[in-house]
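Remarks on the overall topology
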Amino acid sequence: MPHYHRLWQPGGCYFFTVTLANRDGNDLLVREIDLLRKAVRQVLKRHPFRIHGWVVLPDHLHCLIELPAGDSDFAVRWFLIKSSFSRHLPALETRSSSQIRRRERAIWQRRYWEHLIRDERDFEAHLDYIHINPLKHGLVERVADWPFSTFHRYVELGVYPPDWADDTRAGKLDYE
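The next thing to look at is the pairing of strand E3 (residues 60-66). Within E3, six of the seven residues are buried, which leaves it mostly tucked inside the rest of the structure. Relative to E3, strand E1 (residues 13-19) is paired through seven bridges, and the arrangement is antiparallel. Pairing of Tyr-14 across the sheet is with Ile-65, part of E3. Of the strand pairs in this sheet, strand E2 (residues 50-56) and E3 are connected by six bridges, and their pairing is antiparallel. Paired with Trp-54 across the two strands is Cys-63, which belongs to E3. Where E2 folds back onto E3 in an antiparallel hairpin, the turn is made up of three residues.

Here the focus is the packing of aromatic side chains. Applying the stated criterion across every chain, the model contains 16 aromatic pairs. Relative to Tyr-129, the ring of Phe-15 has its centre 6.0 Å away and its plane inclined at 75°; by these criteria the two rings are edge-to-face. Residue Phe-15 is found in strand E1, and its partner Tyr-129 is found in helix H5 (residues 120-136); the two are separated by 114 residues along the sequence. The exposure class assigned to Phe-15 is buried, which follows from its relative accessible area of 4%. Taking relative accessible area as the criterion, Tyr-129 reaches 21% and is therefore assigned partly exposed. Here Trp-78 and Tyr-112 contribute two aromatic rings whose centre-to-centre distance is 6.4 Å and whose plane-to-plane angle is 40°, an arrangement assigned as tilted. Taken as a pair, Trp-78 in helix H3 (residues 74-87) and Tyr-112 in the loop between helix H4 (97-101) and strand E4 (113-116) lie far apart in primary sequence, 34 residues in all. Assessed through its relative accessible area of 14%, Tyr-112 is described here as buried.

Thresholds applied
Residues numbered from 1 in each chain as written. Predicted model: local features only at pLDDT ≥ 70, side-chain atom pairs only at ≥ 80, totals over all residues. Heavy atoms only, no water. Buried < 20%, exposed > 50% of the residue type's maximum accessible area, 1.4 Å probe, protein only. Helix = DSSP H or I, 4+ residues; strand = E, 2+ residues; numbered from the N terminus. Pairing = 2+ DSSP bridges. Phe/Tyr/Trp six-rings, centres within 6.5 Å; stacked < 30°, edge-to-face > 60°.

See the structure below:
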């Protein structure tokens, strides 16, 4: 069994990738976006965090969040978001014996990717990655066309122009 080393930084700012167990043609996250939003809002009330960036794609999501000072428990937040979302869906998926034994739904991958943000440059690079991801996956022709993203909030704040990354298809912006 691999040993996963997590960096627990009180008040830390983290980038996360959280993925569905079955990604093949699965659009569950955008189809059930209201349920996902409700799960996040519920967790925010009991275990606050600041959302700096978020994008929901059909089968995974990326976000950039900051924990309160003195708090490093992002794991409880993800457990609660994932379990709340799953609990409100009909149990139609096929589960393995391990999932049955652990009383898990077969909706989410057990693990998630987390990265502790090191500095402002790292923050900006991950924020750009979040916002360009729908374009990267070929879901839209323009970043502004994807509705499930904090990109629109940053346009309103003047951080990004509305046509940000429109020239990416021509190879003028390196986002990887």
